[in-house]
Amino acid sequence: MNHYDFRVVEEKWQRYWEEHGFYQIEEDASKPKYYCLEMFPYPSGRLHMGHVRNYAIGDVVARYHTMRGYNVLHPMGWDAFGLPAENAAIQRNIHPSEWTRHNIEYMRTQLKRMGLSYDWRREVTSCLPDYYRWTQWLFLQMYHNGLAYKKAAAVNWCPSCNTVLANEQVVNDACERCGTVVERRELEQWFFRITKYADRLLDNLDKLDGWPEKVKIMQANWIGRSEGAEILFPVKGFDEHLAVFTTRPDTIFGATYMVLAPEHPLVDKLISGTPNEGAIRSFIAQVAAQDEMDRTAEHTEKLGMFTGGYCINPATKEEIPVWIGNYVLMGYGTGAIMAVPAHDQRDLDFARKYGLKVRVVIQPDGDLDGETMVEAYTGPGRLVNSGQFDGLPSEEAIEAITKFLEGQGLGRFQVNYRLRDWLISRQRYWGAPIPIVYCEQCGTVPVPEEMLPVYLPMDVAFKPTGQSPLVEADEFVHTECPRCGGKAKRETDTMDTFVCSSWYFLRYADPHNESLPFAKEKVDYWMPVDQYIGGVEHAILHLMYARFFQMVMSDLGLVTVDEPFQNLLTQGMVLKGGIKMSKSKGNIVDPDHIINEYGADTARVFVLFASPPEKELEWSDEGVEGAYRFLNRVWRLVNAYADQLGETEELDVNRLTKQERDLWRTVNLAIKKVTEDVEERFNFNTAISSIMELTNALYLYKEGSGEVNRALLAAALEKLLLLLAPFAPHITDELWSRLGRTESIHLQKWPDYDEAALQVEEITVVIQVNGRVRDRLVVPVDVAEDELKERALALPRVQEFVDGKQVVKVILVPGKLVNIVVK
RNA sequence: GCCGGAGUGGGGGAACGGCAGACCCGGGGGACUUAAAAUCCCCUGCUCGCAAGGGCGUGCGGGUUCGAAUCCCGCCUCCGGCACCA
């Protein structure tokens with residue numbers, strides 16, 4: 001027997017699988033399909049442990065389902081556009097495409113060394129024209145269906161770099177590159193109309209039974225649907241109305257003032273030419289600056305100023321003052337509120353600070369006093385001070401008052417969302433160009449589909465100005481209008497990389513299609529993804545954008561299903577020393593190092609064994625050692641018998657000794673446990689522990705004094721390897737062949753357990769007195785209840801505790817325990 | 001502040017309301033060895049006890065139950081998400 005040389009074993013089998021096209025998959029109507037997908041990585045340079053964990057989990061799921069007889073699609077690709085490539089270009093004078101290609105090549109070899117069962121023929125790379133061509137094509141579908149539009153939006157602007165920054169690039173209100181304080185600026189930007197799908201994105205969550213509740217809640221909160229009313233307040237002295245959104249129209253009689261966001265368009269009209277105009281404008285400028293300051297601060301002080309204008313409360317007909325306040329946001333609702341200080345804490349704080357009127361209109365049991373109250377009452381109650389609505393419960397008043405206002409043309413039911421439209425414009429080079437040209441004659445013109453792709457030019461200059469090199473790429477910018485042939489300029493913004501990752505899972509179904517992003521029938525065969533696996537950090541954005549795309553495509557008839565991911569598994573982070581592994585913390589463990597020292601099988605077994613997938617994983621070098629020891633133990637065990645088990649007779653379970661039956665039961669228990677753990681719960685850690693227990697039992701049997709039953713041993717070792725195969729694919733294939741099997745273990749069927757083998761003749765029953773374990777009894781499984789009770793009561797240890805007391809009752813849990821309750 | 005999740009031995013982690021701590025690591029002991037490593041076997045929550053055995057133990061305080069790590073109520077701590085959302 002030679003020792004476990006994982007290098008030789010892993011190389012050998014990786015080559016064997018590749019040469020024999022093991023993981024190359026086609027549609028096959030004769031088998032049930034299973035689409036197993038892990039989130040594709042950004043090619044940052046090398047794999048990190050989070051990737052190893054993610055892909056190890058996915059590979060177990062894929063291999064298990066293959067053994068279960070499914071036709072398994074298990075692809076991999078690259079989310080290859082993104083900012084780091086541009087930074088590398090500037091810092092190291094290497095072209096983003098070159099840098100990215102290089103990283104992909106290296107990371108691909110890393111993935112291959114992990115022994116993952118990908119169909120590499122289906123690899124997709126989002127930065128290549130044969131992929132982004134279809135990203136652009138999908139943009140055009142959005143555009144033609146009114147789902148892509150352009151509008152001015154406030155963005156983070158760095159005056160020194162002359163460019164827009166993504167939120168992530170703004171650190172403490174300063175540009176992350178040059179440290180200049182960031183401004184807000186209005187720029188024309190492209191958007192996808194995701195808000196049109198807000199309700200469907202929300203409602204469909206109920207259908208997603210296979211998603212973690214946590215993720216669904218996060219998405220629901222992000223969408224932030226709230227029901228209420230839009231109410232129009234006539235503006236005194238102007239022929240117009242101020243619209244507000246409120247979830248509490250029942251409190252309108254308590255609206256004693258209005259507050260506008262500083263950016264609200266009405267502000268200008270109200271203050272123009274008034275004596276206070278200058279003061280107010282400087283206040284607004286101050287708020288605009290402060291607004292950017294710390295949005296994250298706990299409770300920023302509420303600041304405001306009276307505009308001098310008034311509105312008419314449509315319920316009370318009173319004139320109420322219109323204020324500007326920093327606590328009202330232009331980005332939500334209408335950018336204006338009716339302030340009901342008695343029933344909203346923020347309004348109350350504001351009213352107290354500026355001495356505004358507080359009127360109680362909802363009265364719960366106690367009695368609130370508008371003069372003295374310090375805490376707003378936001379609960380339900382009966383209406384007071386509300387004219388004809390007095391006495392009505394607030395829940396009913398919501399509807400009644402909204403209808404009342406509606407009758408006057410001053411209100412209506414309205415649903416509001418926190419969700420904003422998706423801003424997809426990036427003033428970046430390394431992204432998919434937005435296929436739009438601006439013609440001097442025709443205006444905004446979409447590039448016709450047959451002219452795609454709009455190639456990203458390669459010969460551009462990278463300067464540390466922060467400005468996209470596309471802007472100065474004259475050959476790219478200056479073009480002909482596809483409609484009139486006249487002079488035109490190309491859009492120089494590229495698309496957010498989340499656009500690329502919103503449909504890649506569909507391209508895997510038909511990765512080389514040159515006339516369409518994918519053939520519908522192929523996508524229809526594979527979709528939806530049966531199991532999607534990735535980091536929880538994508539719980540909101542990526543997963544919501546992908547759902548949105550899928551819905552749009554299903555509405556356009558490009559696909560049939562409208563939810564892309566049937567089941568979702570969000571894996572936890574990889575920690576070391578209790579904190580997330582990161583370069584800046586200096587606590588990185590390099591996967592290459594582990595694979596070089598211990599091999600891919602060990603790395604896989606360790607990350608799967610150390611923690612359940614959804615939880616965080618604490619890295620442990622000793623733990624890796626343990627996983628390695630375990631595989632060595634399996635190696636020695638199988639090799640010890642490999643030569644002798646070549647031709648054994650069939651296992652006859654009816655002729656086993658007691659000890660042998662116990663071993664056979666352990667085998668079958670392991671099959672049951674591993675199957676359930678993998679299939680139902682993804683508890684790979686406990687699955688592996690069962691395999692370890694089986695290994696331990698086999699060692700004890702081997703080391704025992706008796707003659708070994710070769711047929712039993714052969715069967716047990718086979719099952720052991722089959723169970724371990726999805727976790728440690730190389731060593732199991734090697735050992736499988738050493739057991740004399742000529743066909744790879746990965747082509748075998750997943751083992752079934754034998755129900756009969758699980759049966760026992762005797763069981764140990766726990767005997768409790770008042771819920772505390774006092775003794776145990778070994779009894780036949782079919783023991784009569786009365787007899788069990790009698791025997792339990794007769795036990796001397798039980799008698800000690802029962803003596804002199806009265807037996808109140810005896811609880812009997814069949815097969816488990818007897819609890820004698822005494823007083 | 002709001003919404004999630006988690007607190008179990010020295011560490012990672014197991015436990016359909018029914019033997020708390022499977023399995024792995026660490027620690028201790030034994031076997032093998034001239035010796036060490038590797039390997040194989042045994043022990044390993046705390047505490048009292050020579051032992052048999054007892055008591056205490058799942059963040060804290062209550063409760064439900066014959067029986068609670070698990071269910072309910074009230075707290076504390078940590079992690080994640082959202083954050084003046086009208």
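This write-up is about the structure you can find in this document. Since the structure is predicted, the reported quantities are computational estimates derived from the model, not experimental observations.

### So, the overall build of chain A
Then, in step 1: Helix and strand counts for chain A come out as 26 helices and 34 strands.
Then, in step 2: Each principal axis of the C-alpha atoms in chain A carries an extent, and together these give about 105 × 85 × 50 Å.
Then, in step 3: Counting across all 823 residues of chain A, residues that qualify as buried make up 53%.
Then, in step 4: Of the accessible surface of chain A, which amounts to about 37,200 Å², a share of 49% is contributed by carbon and sulfur atoms.
Then, in step 5: Of note, chain A has its 89 positive side-chain charges centred 2 Å away from the centre of its 118 negative side-chain charges.

### Observations concerning the sheet that holds strand β26 (residues 531–535)
Then, in step 1: In spatial order, the strands read β2-β1-β26-β27; together these 4 strands make up an open sheet with parallel pairing. The outermost strands of the open sheet, each flanked by one partner alone, are β2 (71–73) and β27 (568–571). Averaged over all pairs of adjacent strands, the angle between their axes in this sheet comes to 15°, without regard to strand direction.
Then, in step 2: Two elements, strand β1 (residues 33–38) and β2, share 3 bridges in a ladder whose sense is parallel. Note that in β2 the partner of Tyr35 across the bridge is Leu73.

### Focus on the packing of aromatic side chains
Then, in step 1: Throughout the structure, instances matching the rule amount to 48 aromatic pairs.
Then, in step 2: When the ring of Tyr4 is compared with that of Trp635, the centres are 5.3 Å apart and the planes differ by 35°; the resulting orientation is tilted. Highlighted residues: Tyr4 in the segment before α1 (6–19) and Trp635 in helix α19 (residues 621–642), separated in sequence by 631 residues. Each of the two residues, Tyr4 as well as Trp635, counts as buried.
Then, in step 3: Between Tyr525 and Trp526, the aromatic rings sit 4.6 Å apart at their centres with planes inclined by 85°, giving edge-to-face as the arrangement.

### Digging into the pairing of strand β13 (residues 304–312)
Then, in step 1: Relative to strand β14 (residues 319–325), β13 is paired through 6 bridges, and the arrangement is antiparallel. Pairing of Met305 across the sheet is with Ile324, part of β14.
Then, in step 2: The antiparallel pairing of β13 with β14 creates a hairpin that spans 6 residues between the two strands, and Lys317 there sits at a positive phi of about 65°.

### Quick look at empty space enclosed by the protein
Then, in step 1: Going through the model one piece at a time under the given rule, you end up with 4 cavities of 30 Å³ or more.
Then, in step 2: Its boundaries defined by the atoms lining it, the second largest cavity holds a volume of some 40 Å³.
Then, in step 3: Along the walls of the second largest cavity sit Leu47, Val52, Gln110, Arg113, Met114, Pro591, Asp592 and Ile595, which together make up its complete lining.
Then, in step 4: When residues of the lining of the second largest cavity are traced back to their parent elements, those giving at least two are α4 (96–113) and α17 (591–598).
Then, in step 5: Residue contributions to the lining of the second largest cavity peak at 3 residues, all from α17.
Then, in step 6: Tallied by class, the residues present in the lining of the second largest cavity amount to 5 nonpolar, 1 polar and 2 charged.

### Remarks on unusual backbone geometry
Glycine aside, the phi torsion of most residues is negative, and most peptide linkages are trans.
Then, in step 1: For the peptide bond that leads from Leu452 to Pro453, omega is 0°, which places it in the cis range.
Then, in step 2: The topology assignment puts Pro453 in the loop between β22 (443–446) and α12 (474–477).
Then, in step 3: Residues Met527 and Pro528 are joined by a peptide bond in cis, for which omega reads 0°.
Then, in step 4: Assignment of secondary structure puts Pro528 in the loop between α15 (520–526) and β26.
Then, in step 5: Positive phi values are uncommon outside glycine, yet Asn385 reaches one of about 55°.
Then, in step 6: Here Asn385 falls in the partly exposed class, since its relative accessible area comes to 46%.

### Remarks on a negative patch on the surface
Then, in step 1: Where like charges cluster on the molecular surface, the negative patch consists of Glu785, Asp786, Glu787 and Glu790.
Then, in step 2: Structurally, Asp786 is set in helix α25 (residues 785–794).

### Observations regarding the side chain of Asn685
Then, in step 1: For Asn685, the location among the structural elements is in helix α21 (residues 684–703).
Then, in step 2: Those residues within four positions of Asn685 in sequence are excluded, and the remaining contacts are Leu608, Phe609, Ser611 and Pro612.

### Observations regarding the protein's contact with RNA strand B
Then, in step 1: What surrounds RNA strand B is a group of 54 residues, the closest being Thr247, Arg346, Arg776, Arg797 and Asn819.
Then, in step 2: Those atoms of RNA strand B that come within 4 Å of the protein belong to sugar or phosphate at a rate of 66%.
Then, in step 3: Residue Arg772 places a side-chain N or O atom 3.0 Å away from a phosphate oxygen belonging to RNA strand B.
Then, in step 4: Separating a base oxygen of RNA strand B from a side-chain N or O atom of Arg776 is a distance of 2.4 Å.
Then, in step 5: It is α21 that provides the largest number of residues to the surface near RNA strand B, a total of 9 residues.
Then, in step 6: Looking at the surface near RNA strand B, its residues break down into 23 nonpolar, 13 polar and 18 charged.

### Some thoughts on the environment of Thr560
Then, in step 1: With respect to the helices, strands and loops of the structure, Thr560 is situated in the loop between α16 (541–555) and β27.
Then, in step 2: In this structure, the C-alpha to C-alpha distance between Thr560 and Ala154, residues 406 residues apart in sequence, is 37 Å.
Then, in step 3: For Thr560, the residues in contact, after removing those within four places along its chain, are Lys520, Asp524 and Ser554.
Then, in step 4: Looking at Thr560, its side chain comes within polar contact range of the side chain of Lys520, at 3.1 Å.
Then, in step 5: Engagement of the side chain of Thr560 in a polar contact is seen with the side chain of Asp524, the distance being 2.9 Å.

### Focus on α4
Then, in step 1: Across its 18 residues, α4 extends 26 Å between first and last C-alpha, which sits within 8% of the 26 Å expected from 1.5 Å per residue.
Then, in step 2: Every buried residue belonging to α4 is among Pro96, Trp99, Thr100, Asn103, Ile104, Met107, Gln110 and Leu111, and all of these are buried. In a view along the axis of α4, the buried residues occupy a sector of 130°, so they form one face of it.
Then, in step 3: On its buried side, α4 packs onto α2 (49–67), β3 (77–78), α3 (83–92), β4 (124–125) and α17.
Then, in step 4: Positive phi shows up at Gly115, right after α4, with a value of about 75°.

Conventions we followed
Residues numbered from 1 in each chain as written. Chains lettered and ligands numbered in written order. Predicted model: local features only at pLDDT ≥ 70, side-chain atom pairs only at ≥ 80, totals over all residues. Heavy atoms only, no water. Helix = DSSP H or I, 4+ residues; strand = E, 2+ residues; numbered from the N terminus. Buried < 20%, exposed > 50% of the residue type's maximum accessible area, 1.4 Å probe, protein only. Areas by Shrake-Rupley, 256 points an atom, 1.4 Å probe, with all protein chains shown as cover. Lys, Arg positive; Asp, Glu negative; His and termini not counted. Charge placed at Lys NZ, Arg CZ, Asp CG, Glu CD. Pairing = 2+ DSSP bridges. Axes fitted to C-alpha atoms, helices over the stretch in contact; angles between N-to-C directions. Phe/Tyr/Trp six-rings, centres within 6.5 Å; stacked < 30°, edge-to-face > 60°. 1 Å grid on protein atoms, 1.4 Å probe; cavity = no way out; pocket = protein on both sides within 12 Å on 5 of 7 lines; lining within 4 Å. Points joined across faces, edges and corners; volume = space filled by probe spheres on them. Nonpolar A, V, L, I, M, F, W, Y, C, P; charged D, E, K, R; others polar. Patch = residues over 30% accessible without salt bridge, like charges linked within 9 Å, V, L, I, M, F, W, Y side chains within 5 Å. Salt bridge = Lys/Arg side-chain N within 4 Å of Asp/Glu carboxyl O. Contact = heavy atoms within 4.5 Å. Near = heavy atom within 4 Å. Polar contact = N/O pair within 3.5 Å; in protein donor to acceptor, adjacent residues only side chain to side chain. Expected span 1.5 Å × (residues − 1). Arc of directions from axis to C-beta.

Limitation: the analysis is restricted to geometry and does not speak to function.
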